[in-house]
Each structure stands twice: as C-alpha cells, then as structure tokens.
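An overview of the molecular structure
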Amino acid sequence: MVSDEYGFFIDPQRCIGCRACVGACAECGTHKGRPMIHLDEMDRMESPQTVPTVCMHCEDPICAQVCPADAIKRTDDGVVHSSQKPRCIGCENCELSCPFGVPIVFSGMEQMLKCDLCYDRTSEGLKPMCATVCPSQALLYVPKHQVAEMRRSKPVREFLVGTLKVKTRTAVMVPDSEIPLHLDAALLIEGGF
C-alpha cells in the first residue's frame, strides 16, 4: 500500500525536456520495456517547453467507469492501476475517456497499460522511477507537508474538464500569481529547491 503521507507532484515549469523520466520508466520491470510517461511538447514551433504527463490517479476514475469489462481498479490508497490482463478487451474506451490523455491500449497486447505510480516501488516506500532521475525535480515524490517548504508554487488537485470536476491524487504545481517564478540552475545542482 502506498503511504498517504507522500504525494506525487508535477511541476511543468521545471521540465527541461531531457527525457530521463521516459527512459527510467521504460526500465521498470513491470512495464515490459514500454514507458508509461509521455513527454509532450507545448508548441514546438514557438517554444522548447515540454511537459511530463503521467496518470493523475483520479478519485473517481473515468477510465474505470467506462470500462465494460471492469478491468481497471483503484486501490484504497488512491492508485489507479493498469487494466487487468485477463479482463481487458482492448476496446480503448479508457483511452478515449481520460481527461488527461494517459491510458494507452497497446496493439498486439490488446491491453491498456498506464502509469501505476510504480506501485511495486512506492508500496515499499521507494520513489517512482521517473522521480528518481528527474534532474530538475519537475517530477517530485515527497511527503505532502514538505512541498510547501520546497516550492513557491502551489499544488492543484482539482480540475475542471468542461463542466466535470475531477479530483486527483497526483498534483500539478502552478505558480502563485503573487510570486515571480525563479529558477536557479546553480541552486538545483547544489541540491536546493
């Protein structure tokens, strides 16, 4: 079981597009060599900005609601898991319904796989693979109470998708409009935040 004390935080302002998270994710033994994290380019013609996309682990996951085979489960610790192979029929309903564009039904496997918060690691008190290698700490897995001390931005766990309110376990860090965003590469190298 993943500790409720820890949170996973995505800070898009810190992503440098190095793809270390994608490589580390593919190395995880449970992912069968496939990365479960996406690194999206915001506007390739105008900016080098990239954003990591992982499962947000919704409180009431739409992917599970639309699964006709009841193959997607959310455990009591709030982690939404990949589809269960014996049940998944590869219908792609989960892929089409996810408001964050996370699940992927892999052809040939006919099974939906997605970020499961590295459950094999986090349930043992370890960080997810992506968070262990992110050099800019755009992906951060820490006790929830520490994030306020580490960042000036604020964690957001509620999103409006059209008229639908989605609450998530994973948080996206957004800048506080009152505080200017300040990134100091030298400070990051020295282990600061």
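Computed from a predicted structure; not experimentally measured.

**Some thoughts on the overall build of the protein chain**
Helix and strand counts for the protein chain stand at seven helices and eight strands. Over its C-alpha atoms the protein chain spans a radius of gyration of 17 Å, differing by no more than 12% from the 16 Å that the globule rule assigns to 193 residues. In terms of principal-axis extent, the alpha carbons of the protein chain reach across some 50 × 40 × 40 Å. Within the protein chain, the proportion of its 193 residues that are buried is 46%. Looking at the protein chain as shown, the accessible area adds up to about 10400 Å², and 53% of this sits on carbon and sulfur atoms. On the protein chain, the mean spot of the 20 positive side-chain charges and the mean spot of the 25 negative ones are 3 Å from each other.

**Focus: the sheet that holds strand β1 (residues 6–10)**
As summarised here, the arrangement of the four strands in space is β6-β1-β8-β7, forming an open sheet in which the pairing is mixed. Unpaired on one side and paired on the other, β6 (139–143) and β7 (154–161) mark the two borders of the sheet. Taking each pair of neighbouring strands and ignoring which way they run, the sheet shows an average axis angle of 45 degrees. Judged from the five bridges that link them, β1 and β6 form a sheet pairing that is antiparallel.

**A closer look at the pattern of salt bridges**
A side chain with one charge can pair with a side chain of the opposite charge if their charged atoms come near. Per the counting criterion, the structure on display carries nine salt bridges. Taking the shortest distance from any N to any O, the salt bridge between arginine 44 and glutamate 41 comes out at 3.7 Å. Residue classification places arginine 44 among the exposed residues on the basis of a relative accessible area of 67%. The partner of glutamate 158 in a salt bridge is lysine 165, with the nearest N and O atoms 3.8 Å apart. Judged by relative accessible area, lysine 165 falls into the exposed class, the value being 52%. Sharing partners across several salt bridges, the network here consists of Asp11, Arg14 and Arg151.

**Thoughts on the environment of alanine 26**
With respect to the helices and strands, the residue alanine 26 is situated in helix α1 (residues 20–27). Along the backbone, alanine 26 and glycine 108 are 82 residues apart, and their C-alpha atoms lie at a distance of 18 Å. If near-sequence neighbours (up to four positions away) are discounted, alanine 26 is found in contact with Gly33, Arg34 and Pro35.

**Section: the side chain of serine 136**
Mapped onto the secondary structure, serine 136 falls in the loop between α5 (129–133) and β6. Under the relative-accessibility criterion, serine 136 is labelled buried at 5%. For serine 136, the side chain forms a polar contact with the main-chain oxygen of arginine 14, separated by 2.6 Å.

**Thoughts on the nonpolar core**
One finds Phe8, Ile37 and Leu139 to be the most contacted residues of the largest nonpolar core, which totals 30 residues. Among the secondary structure elements, those contributing two or more residues to this core are β1, α1, α5 and β6. For this core, the element with the highest residue contribution is α1, accounting for three residues. Setting aside residues no more than four positions away along its own chain, leucine 139 makes contact with Phe8, Phe9, Ile10, Cys21, Ile37, Pro52, Cys130, Ala131 and Cys134. Among the nonpolar cores identified, the runner-up in size contains 10 residues, and Cys63, Cys67, Cys88 and Cys94 belong to it.

**Considerations on the state of the cysteines**
Applying the stated rule across the entire model yields zero disulfides. With no disulfide partner, cysteine 28 has as its closest neighbouring cysteine sulfur the one in cysteine 118, 4.3 Å distant. A residue is classified by how much of its surface remains accessible, and cysteine 28, at 4% relative accessible area, is buried. Of all cysteine sulfurs in the structure, the one in cysteine 58 sits closest to cysteine 98, which takes part in no disulfide; the separation is 6.2 Å. Looking at cysteine 98, the relative accessible area reads 17%, which means it is buried.

The rules behind these values
- Residues numbered from 1 in each chain as written.
- Predicted model: local features only at pLDDT ≥ 70, side-chain atom pairs only at ≥ 80, totals over all residues.
- Heavy atoms only, no water.
- Helix = DSSP H or I, 4+ residues; strand = E, 2+ residues; numbered from the N terminus.
- Rg over C-alpha atoms; globule rule 2.2 N^0.38 Å.
- Buried < 20%, exposed > 50% of the residue type's maximum accessible area, 1.4 Å probe, protein only.
- Areas by Shrake-Rupley, 256 points an atom, 1.4 Å probe, with all protein chains shown as cover.
- Lys, Arg positive; Asp, Glu negative; His and termini not counted.
- Charge placed at Lys NZ, Arg CZ, Asp CG, Glu CD.
- Pairing = 2+ DSSP bridges.
- Axes fitted to C-alpha atoms, helices over the stretch in contact; angles between N-to-C directions.
- Salt bridge = Lys/Arg side-chain N within 4 Å of Asp/Glu carboxyl O.
- Contact = heavy atoms within 4.5 Å.
- Polar contact = N/O pair within 3.5 Å; in protein donor to acceptor, adjacent residues only side chain to side chain.
- Core = buried A, V, L, I, M, F, W, Y, C linked by side-chain atoms within 4.5 Å.
- Disulfide = S-S within 2.5 Å.

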